[in-house]
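# Structural description and commentary
The residues making up each chain are set out below.
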Protein chains: 2
Amino acid sequence: MDVNDLDALTITTIRTLAMDAVQKANSGHPGAPMGLAPAAYVLWGRIMRYDPSAPEWPDRDRFVLSAGHASMLLYAALHLFGFGIGLDDIKSFRQWASHTPGHPEFADTPGVDTTTGPLGQGFGNSVGLAVAERMLAARYNRSGHDVVDHRTWVVCSDGDMMEGISHEAGSLAGFLRLGRLNVVYDDNRVSLSGPTSMTFSEDVTARFSAYGWHTVTVEDGNDIAALEAAMRGAIDDERPSLIRVRTHIAFGSPHKQDTFQAHGSPLGEDEIKATKQGYGWPEDAHFLVPDEVYQHCHGLTERGRSARRDWEETLAKWRDAEPDLAAQWERVLARRLPEGWDDVVPEFPADDKGDATRASAGKALNALSGVLPELVGGSADLDPSTNTHLGDAGVGDVVAGDYSGRNIQFGVREHLMGALANGLSLHGGLRPFVATFFMFYDYMKNPVRLAALMGQPVVFVYTHDSVGLGEDGPTHQPVENLAALRAVPFLYLYRPADANEAAEAWKAAVARTDAPSALVLTRQKVPVLDRSRLAPADGLHRGGYVLKDTPSTPDVILIATGSEVHLALEATERLEGEGIAARVVSMPCFRLFDEQVAEYRDSVLPAQVTARVSVEAASPFGWDRYIGPHGVAVALDRFGASAPGDVVMEKLGFTVANVVDAARRAMGKDPR
Amino acid sequence: MDVNDLDALTITTIRTLAMDAVQKANSGHPGAPMGLAPAAYVLWGRIMRYDPSAPEWPDRDRFVLSAGHASMLLYAALHLFGFGIGLDDIKSFRQWASHTPGHPEFADTPGVDTTTGPLGQGFGNSVGLAVAERMLAARYNRSGHDVVDHRTWVVCSDGDMMEGISHEAGSLAGFLRLGRLNVVYDDNRVSLSGPTSMTFSEDVTARFSAYGWHTVTVEDGNDIAALEAAMRGAIDDERPSLIRVRTHIAFGSPHKQDTFQAHGSPLGEDEIKATKQGYGWPEDAHFLVPDEVYQHCHGLTERGRSARRDWEETLAKWRDAEPDLAAQWERVLARRLPEGWDDVVPEFPADDKGDATRASAGKALNALSGVLPELVGGSADLDPSTNTHLGDAGVGDVVAGDYSGRNIQFGVREHLMGALANGLSLHGGLRPFVATFFMFYDYMKNPVRLAALMGQPVVFVYTHDSVGLGEDGPTHQPVENLAALRAVPFLYLYRPADANEAAEAWKAAVARTDAPSALVLTRQKVPVLDRSRLAPADGLHRGGYVLKDTPSTPDVILIATGSEVHLALEATERLEGEGIAARVVSMPCFRLFDEQVAEYRDSVLPAQVTARVSVEAASPFGWDRYIGPHGVAVALDRFGASAPGDVVMEKLGFTVANVVDAARRAMGKDPR
């Protein structure tokens, strides 16, 4: 091995910190950090571009520990290389409110570029980070100044490679020729429950070659010269790179190296002692970092500090040469919106025939895209159906070698699409939206959750939102997904009733910069409501609002969302004929409504009016909150069926007659 | 091309039926069936083993149209080859209550072996079907009689191949060397929104070679001799096979062949006419099936009819030689349970220290596995954590070449695990369970839904069910997943309160033969409740029950599930000290409770007691149904945090003190 003493000393320090922290927490994953310590050392010490004193530097290399359970590897590196992580933080690994949680959490720790843990998510994020870099380079590198010029480094485990999302990530990154994406694959051949030979025999490098990646193998994960050479080779190659590194889990542990016992449990004090002995380390020392290691690591960061100083100079020159572009760059990096941005969103005139909310939302999106260059995205092979293609002149697709477009074609890869969007957002400088059928939210649940957990304002557009989509049948007809998304903390789900609510929903989604939104839209046409006779659509911004009121206290309140709102409105006319005064509440966003002050909520749903009906072509789950114990839900607790959409809606009970009947029942006026 | 007239005539009939049916429905996907017609003809005419007069024949080859949107291909084949699908059925394609829904639906149509549509699911199911075949062969083929000896044929599209689950399926099938699995990959290079060259450049056959598959390419999808040779080669190879067939979407359509316009829309009458002209077909005929085609196809099915007759003879001999085994075979195929099967489930003595419900459930499972040989399954690389390994002597793992075990090691492949389990169940003869952390339900949502849609009694075991799991932190701590699963129609979710409810939950899951169950279990220990002083655990079978009552009408009702039930119980003691009579309701299964008669539900939750508290370490979403407008939810509308589990529970408010406080608030006794 071509190592000098300081190299070895630093690597051993990473290993022992990982062992000690996991042992003290009595919880965690020591084995992977011990195996990966040399690779981490080479990455932070010789390869990656960063300045620990400016962990938010926009042109830093991004690092993604997709194998998030190996978090102590990351924390040890951040500590040694001078990020704001102290030894006390390491000692409080996995404790309440520490900066060193069990898995890396974005925003909790300087130097953590994304939250990881659910296997494969980090890999998916990293494709987004790498796409963002190329997209921003295409739009901001001008006048001979490259203000965007960095890489994304990823560490993946066997588990990441088994997950389906690794296929979607590998395939799309290969297609897009993302040369800035470099993946270190930790081939330690041990997963949580045993050797990978129990379930995993594929040739991973051959697989990535089939995707069009550059692949290289480092047979000895302790050989830092080989690691460095492989990483430099990855930098030099124009394709995305997979560096397979043969490591040994819990390297150096006399009884646990290469065993699954070292995967997810502390080694035990005796084993740690024996391991330290083998390393030539003081066996009774805990959390020991030799001074010379700190000094050595500090010296190694000078490369990045100097790179940042150079970059600041470049930036200054570029700013002088391109003041407008620079102003935009600063705006988008700060996630500020330009003044008057929402003036461009169209208002739609009343129209009984109406339009699908997917179509109206698509118009709003396209209008917004004209004033918000940061708005980028696409669909999972459904552009003609989701209406999310940015069609303005000059707005092309992102393709290999030309990343100046704004439409990203994801292919039929919903899971990756979600994780990639999180990466785009995390990178900074872009506001991503992604689209598919609402049913296929099923394939991308975890990224939606992670967007909420990380506070990333990704906009998830979900069309074909109910059994009303018709012929495609029950496999394509969501029933339970509204409830599923409404229960996700910090996620704002909008199901607009018509074109103007759809436009307002897009405004709400864009205005919100610290949480994701989901727009749930119809396939079928719905009337554009006549706002001269009904309340304005900007009531959406309070979550729920009185759309049509009664002269005096209502006898019954009909609460509806999306394509069922017009049924409720029509029902009021029939009820009026029977002398029943019915209020209609449009409730596009439960969460926003719940956030309103009690006074407002009571004004929309007065406690004394207990006769209430919900109308939504979906599971009734969650509606009791608004309709109360005397309420009637016009809803579905079954799956849909294949037939033309209007037939399905009628057969499953979404008719004016049925809403009228439900109102009568809620009022106790029906003998049945 | 080596075709005689009848071959060509039959293929053209399939093509024209697909065009006509989609046109009449004015909805559907004509292009793929037109491209795949020759492959389907060879499969049904020359390759597959089936008897159309006995579509449920247990030893038939299974067919999975993973590209479910190409449903007219399947319906046309089923019609021509004599399954119970008439021309009227074809004419009512995609209409209400027809046997020919938009996507193939299991149980709606004879000859449809699984519901497909969501891309990749069918591929995943097919791995399960092929595993089931090998497992049943290992246990039932005896005395020189092979009563289980068939194959699984699959048609996958480009879209299937892009989905992540195709990777998980390919990788595990390769590992298991499932030679009985043969996939026809419809390489038509067109997806819904454009040519696949927009997003897809990987070398699919190289990828499958990397998984250890036999791969072969048929360059001309109309060359039936080449198709047949490739399929026979697949049969001969001991590895799973991928037959890449270069087809042309909408083959023969003068203006739409090879375009995405032919993917998901009717061709239009004019184009159909022109296409039929090109085929030499009467251009004005619709739904034309020449008599000689019927006769020809009927003749081709004689091979399968005869195979079934032979099989019946083999079966009779085997039954004589192996009467006990035959009795078991008949029992498991009928999904009957042996008498007294549930006597083996242990009762757990009261114990304050208690045990994790994952551990108790694991004991119940192992006990059941002793009397139910059909119970098979495993986890996604989490056996040591999910406690789902069948540990009894002689119960080994399913591995390549030896499928006699009962533990299936899925690797870190949750999505496939769910789809594979559906395939195991659909095959017949096995009762599958699968396990992972509750958080990673996120990765396998769609298969759970499809189990419910298809009425398959798969048992989904989800451990580490709340923020109480502790150190792994928010990425691993479910908050919204209980609500998400409770909203899935026909799915029975149980969150047992203690060891004995866990045992009852396993009984309930096994007893239910027409719907899936989910068992949601703790990582942490919970007390085993003292049933001598509380209601018996079999109250679980009513969904919710009064666990601890008060002498007279309660002042407040505490409703809890899982690990929070003991908090509610402890709270009653403190409340008693304040003179407050609190009832505790354990509510392990919302759905079952809602199914009880009103009288029972009212007895548990009397309308006059409006002071109610729910206690569940999860989103409050959905609880209003039980706590009503005056209720207080002790719940979470945020994500969790990394710290020891008891610390997290305390910090997030899951304490006895907090439950007591909530009870006071619900009663309006608290000044705050």
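Treat the numbers as computed from the prediction; the structure is a model and nothing was measured.

## So, the overall build of chain A
- Counting its regular elements, chain A contains 25 helices and 19 strands.
- Taking 672 residues into account, the globule formula puts the C-alpha radius of gyration at 26 Å, and chain A, at 28 Å, falls close to it.
- With the C-alpha coordinates of chain A rotated into their principal frame, the extents come out at 90 × 60 × 45 Å.
- By residue count, 68% of the 672 residues in chain A fall in the buried class.
- In chain A, the proportion of contacts linking residues at least 24 apart, taken out of those at least 6 apart, comes to 77%.
- Here chain A displays about 20400 Å² of accessible surface, and carbon together with sulfur accounts for 47% of that area.

## Focus on helix H12 (residues 302-321) of chain B
Residue and element names in this part refer to chain B.
- For H12, which comprises 20 residues, the first-to-last C-alpha distance of 29 Å matches the rise-based estimate of 28 Å (1.5 Å per residue) to within 8%.
- Taken together, the buried positions of H12 are occupied by Gly304, Arg305, Ala307, Trp311, Leu315 and Trp318. The arc enclosing the buried residues of H12, seen along the axis, measures out at 150 degrees, which places them on a common side. Exposed and facing more than 90 degrees away from the buried side of H12 are Glu313 and Asp320.
- Looking at the packing, one finds that the buried side of H12 touches helix H5 (121-140), helix H11 (291-300) and helix H13 (323-333).

## Some remarks on the sheet that holds strand S1 (residues 62-65) of chain B
Residues and elements named next belong to chain B.
- In spatial order, the strands read S1-S2-S3-S7-S6; together these five strands make up an open sheet with parallel pairing. With one partner strand each, in any of the chains shown, S1 and strand S6 (214-218) form the two edges of the open sheet. Direction aside, the axes of adjacent strands within the sheet are offset by 15 degrees on average.
- Across the sheet, H5 lies against S1, strand S2 (152-157) and strand S3 (181-187), angled at about 165 degrees from S2, the strand it touches most.
- Contacts from helix H9 (residues 224-236) reach S2, S3, S6 and strand S7 (241-246), with the element oriented near 175 degrees to S6.

## Concerning unusual backbone geometry
All names here are of chain B.
- Phi angles above zero are rare outside glycine, and Ala250 is one such case at about 55 degrees.
- Structurally, the position occupied by Ala250 is in the loop between S7 and helix H10 (269-279).
- Phi is positive for His464, which is not a glycine, with a value near 60 degrees.
- Here His464 is to be found in the loop between strand S11 (459-463) and helix H18 (481-486).

## Considering the pattern of salt bridges
Residues and elements named next belong to chain B.
- Under the definition given, this model contains 80 salt bridges over all chains.
- Across the pair Arg665 and Asp661 runs a salt bridge whose closest N-O atoms are separated by 3.4 Å. One end of the pair is Arg665 and the other is Asp661, both in helix H25 (residues 656-666) and four residues apart, which spans about a single turn.
- Owing to a relative accessible area of 11%, Asp661 belongs among the buried residues under this scheme.

## What about the packing of aromatic side chains?
- Under the defined criterion, the tally for this structure stands at 51 aromatic pairs over all chains.
- When the centroid spacing of 4.9 Å and the interplanar angle of 80 degrees are considered together, the rings of A:Phe208 and A:Trp213 count as edge-to-face. For the pair formed by A:Phe208 and A:Trp213, the shared burial category is buried.
- Aromatic side chains B:Phe208 and B:Tyr211 sit 5.1 Å apart centroid to centroid with 90 degrees between the ring planes, which places their arrangement in the edge-to-face category.
- One aromatic cluster is present, built from ring pairs that chain together A:Phe590, A:Phe593, A:Tyr600, A:Phe621, A:Trp623, A:Tyr626, B:Phe590, B:Phe593, B:Tyr600, B:Phe621, B:Trp623 and B:Tyr626.

## Observations regarding the relation of the copies chain A and chain B
- Once turned by 180 degrees and shifted 0.0 Å along the axis, chain A lies on chain B with an RMSD of 0.0 Å. Seen this way, the second copy is the image of the first under a two-fold rotation axis.
- A high fraction, 100%, of the interface residues of chain A reappear at the interface in chain B, so the copies pair face to face through one surface.

## Things to note about the nonpolar core
- Counting 271 residues, the largest nonpolar core has A:Met161, A:Leu558, A:Val613, B:Leu558 and B:Val613 as the members making the most contacts within it.
- A:Leu558 has contacts with A:Ala568, A:Ala571, A:Thr572, A:Leu575, A:Ala582, A:Arg583, A:Val584, A:Val585, A:Val613, A:Val659 and A:Ala663, leaving out every residue within four places of it along the chain.
- Counting 52 residues, the second largest nonpolar core, distinct from the first, contains B:Ala32, B:Leu80, B:Trp153 and B:Ile224.

Rules used throughout
Each chain carries its own residue numbering, running from 1 in the direction its sequence is written. Chains carry letters and ligands carry numbers; both start at the beginning, A for chains and 1 for ligands, and go up in the order they are written. With the structure being a predicted model, the display of local features is reserved for residues of pLDDT at least 70 and the display and counting of side-chain atom pairs for 80 or more, all residues being used for whole-chain, interface and lining totals. Only heavy atoms go into the side-chain values, all of them from the structure, while hydrogens and water stay out. Strands here are runs of E lasting at least two residues and helices are runs of H or I lasting at least four, both read from the DSSP assignment and numbered beginning at the N terminus. In this setup the radius of gyration rests on C-alpha atoms only. A globule is expected at 2.2 Å times the number of residues raised to 0.38. Using a 1.4 Å probe on the protein chains alone, a residue whose accessible area is under 20% of its type maximum counts as buried, one over 50% counts as exposed, and one in between counts as partly exposed. Any two residues having at least one pair of non-hydrogen atoms within 4.5 Å are treated as being in contact. Method for areas: the Shrake-Rupley scheme with a 1.4 Å probe, in which residue coverage is limited to the protein chains shown. An expected span of 1.5 Å times one less than the residue number is assigned to each helix. When we speak of the arc, we mean the arc of directions from the helix axis to the C-beta atoms. When DSSP finds at least two bridges between two strands, those strands are taken to pair. Between the N-to-C directions of two axes lies an angle of 0 to 180 degrees, each axis being a line fitted to C-alpha atoms and, for a helix, fitted only over the stretch in contact. By salt bridge we mean one thing: a side-chain nitrogen of Lys or Arg within 4 Å of a carboxyl oxygen of Asp or Glu. Between rings of Phe, Tyr and Trp, where Trp is taken as its six-membered ring, a pair exists when centres lie within 6.5 Å; planes separated by under 30 degrees are stacked, by over 60 edge-to-face, and by other angles tilted. Copies are brought into register by a least-squares superposition over C-alpha atoms of residues with pLDDT of at least 70 in both. We define the nonpolar core as a collection of buried residues of types Ala, Val, Leu, Ile, Met, Phe, Trp, Tyr and Cys that are connected through side-chain atoms lying within 4.5 Å of one another.

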